[in-house]
Amino acid sequence: MNVAFITGITGQDGSYLAELLLDKDYEVHGLIHRPDRLAKSHIAPLLGNAEIFEKRLFLHNGSFMDSTHLRRIIVRAKPTEFYHLAGQSSPRVSLEMPESTLESIGMGTARILEILRDLQAPPKFLYASSSEVFGTPVQMPQTEETPMNPATPYGAAKALSQHLCRIYRNAYGLQTCSAILYNHESPRRGEGFVTTKVARAAAAIKLGKQKQVALGSLAGRRDWGWAPDYVAGMHLMLSQKTVDDFILATGKLHSVEQLVAFAFESVGLHWRDHVVFDQSLMTPVEPTAACGNPAKAERILGWRCTLSLEEVMRRLVEAELEKLQ
């Protein structure tokens, strides 16, 4: 049986990945930090499934700060695949809390890699990197060979972890790789992301529960995709005989204004009637629009994005309508 270990298993990507791997008959182990929040987490339905929980799905309390305890957990689990998805996830927050961001992302990755290096049979390892490593890109679109040029502490910490994966692959012969993930959304996305905020507002306004929503700049552009597609790409990456780094992206740029328009149009509203500008929501550093080139993933993995941004936003708004109703 294939055995997977997932950090960040309760998050958007981790929960989708756990479901995917369980469907493929994996044994799945997840690292959790707040067991008191499991009942309301994205994996709550899995915990209520008596045929899965504690039979093929096992959860372990642990922290990246305690490498000794983490080592014990990993040694017992004996994973064949390791997906490192956890860590501080906001470039905006990293500008206010750079030290904790670097500790959570950079040092957390270093501790895990050191543990894996000592194992007799180390697993294949995937690190969930980010388009933020490119910050202000030196080329458009970006490929796996584009030089890193981060513009935030978050981007710098992700770049550090990505470099560490390459170093451990070359210096120690470990099967380590990085999935360079561009923005990917779903109804499980956190509240701090613009896609969730806009979808929730469009649904609430449609139902008469609020009248407007405050946003920062609408000019920013991103490469947005559908989260389950990206999780499938991660699994494809570790399914290869020899692992490698891949960009997972749509290759298409959309502005925040377009995203907002898609959301409000899905419920028959015009966004200009309900969106107001809030200067306090502007970020000190706005990275240049990053657009990924997924050609390598398409060619080698057979991976492709399945949904347009318009369809992604429609699904997000529908999910918010269901919650509110």
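Thresholds applied
Position labels on residues start from 1 in each chain and follow its written sequence. Selection of residues for local features in this predicted model requires a pLDDT of at least 70, selection of side-chain atom pairs for listing and counting requires 80 or more, and totals for whole chains, interfaces and linings are taken over all residues. With hydrogens and water excluded, all non-hydrogen atoms of the structure serve as input to the side-chain values. Throughout this description, buried means an accessible area under 20% of the type-specific maximum (1.4 Å probe, protein chains only), exposed means over 50%, and partly exposed covers the range between. Helix numbering and strand numbering both begin at the N terminus, where a helix is a DSSP run of H or I of at least 4 residues and a strand a DSSP run of E of at least 2. Should any heavy atoms of two residues lie within 4.5 Å, those residues are counted as being in contact. Throughout this description, the term salt bridge denotes a Lys or Arg side-chain nitrogen within 4 Å of a carboxyl oxygen of Asp or Glu. Classification of ring pairs rests on two measures: the distance between centres of Phe, Tyr or Trp rings, Trp counted by its six-membered ring, which must be within 6.5 Å, and the angle between planes, read as stacked under 30 degrees, edge-to-face over 60 and tilted in between. Consider the ring centre and the ring normal. A charge sits over the ring if Lys NZ or Arg CZ is within 6 Å of that centre and within 35 degrees of that normal. Expected helix span is given by 1.5 Å per residue-to-residue step, counting one fewer step than there are residues. Only when DSSP finds a minimum of two bridges between them are two strands counted as paired. Helix axes are fitted to C-alpha atoms over the stretch in contact, other axes to C-alpha atoms as well, and angles between N-to-C directions run from 0 to 180 degrees.

Colleague: Got a minute to help me understand helix α9 (residues 256-265) in this structure?
Modeller: In an α-helix there are 3.6 residues to a turn, and that puts residues three or four apart on one side. Across the 10 residues of α9, seven count as buried, placing the element largely inside the fold. For α9, the full list of buried residues reads Val256, Leu259, Val260, Ala261, Phe262, Ala263 and Phe264. Structurally, α9 contributes buried residues whose contacts are with α7 (194-206), β8 (213-215), β12 (254-255), β13 (275-277) and α11 (309-324).

Colleague: For this particular structure, what's the right way to read the pattern of salt bridges?
Modeller: Oppositely charged side chains can form a pair if their charged atoms are brought close together. Taken as a whole, this structure holds 15 salt bridges when the rule is applied. Between aspartate 245 and arginine 169 there is a salt bridge; the shortest N-O distance is 3.3 Å. Here aspartate 245, found in the loop between α8 (227-238) and β11 (246-248), pairs with arginine 169, found in helix α6 (residues 153-172); they are 76 residues apart in sequence, far enough to count as distant. Linking arginine 189 and glutamate 185 is a salt bridge whose minimum nitrogen-to-oxygen distance equals 2.9 Å.

Colleague: Teacher, can you tell me more about the packing of aromatic side chains here?
Modeller: Under the criterion given, the structure shown has four aromatic pairs. Among the aromatic residues, ring-to-ring pairing joins Phe5, Phe82 and Phe125 into one connected group. Just above the ring of tyrosine 172 sits the side chain of arginine 117; from NZ or CZ to the centre is 4.2 Å. One residue, arginine 315, lies across the ring of tryptophan 226, its end atom 5.3 Å from the ring centre.

Colleague: Honestly, α11 in this entry has me stumped. Any pointers?
Modeller: When the terminal C-alpha atoms of α11 are compared, their 23 Å separation across 16 residues agrees well with the 22 Å that a helix rising 1.5 Å per residue should span. Of the positions making up α11, those classed as buried are Leu309, Val312, Met313, Leu316, Val317, Ala319, Glu320 and Leu321. Residues of α11 that are buried in the fold lie against β7 (184-185), α7, β10 (225-226), β12 and α9.

Colleague: I would appreciate a short explanation of the environment of leucine 47 in the present structure.
Modeller: By the secondary structure assignment, leucine 47 is in helix α2 (residues 44-47). Separated by 11 residues in sequence, leucine 47 and phenylalanine 58 place their C-alpha atoms 9.4 Å apart.

Colleague: In this structure, what is going on with unusual backbone geometry? I would like to understand it.
Modeller: In terms of backbone geometry, most residues other than glycine have negative phi values and most peptide bonds are trans. The omega angle of the peptide bond from methionine 140 to proline 141 is -15°, so this bond is cis rather than trans. Within the fold, proline 141 resides in the loop between β5 (124-130) and α6. The phi torsion at aspartate 25 lies on the positive side, around 65°, for a residue other than glycine. Locating aspartate 25 in the fold gives a position in the loop between α1 (12-23) and β2 (27-32). Of note, the phi angle at glutamate 54 is positive, near 65°, even though the residue is not glycine.

Colleague: What am I meant to see in the sheet that holds β11 here?
Modeller: The strands making up a sheet associate through hydrogen bonds between their backbones, and the pairing can be parallel or antiparallel. Strand order in the open sheet formed by seven strands is β3-β2-β1-β4-β5-β6-β11, with parallel pairing between adjacent strands. The sheet is open, and its two borders are formed by β3 (57-61) and β11, each paired with just one other strand. Adjacent strand axes in the sheet meet at a mean angle of 20°, parallel and antiparallel pairs treated alike. As paired elements, β5 and strand β6 (residues 176-181) share six bridges and run parallel to each other. Bridging across to β6, phenylalanine 125 finds its partner in threonine 176.

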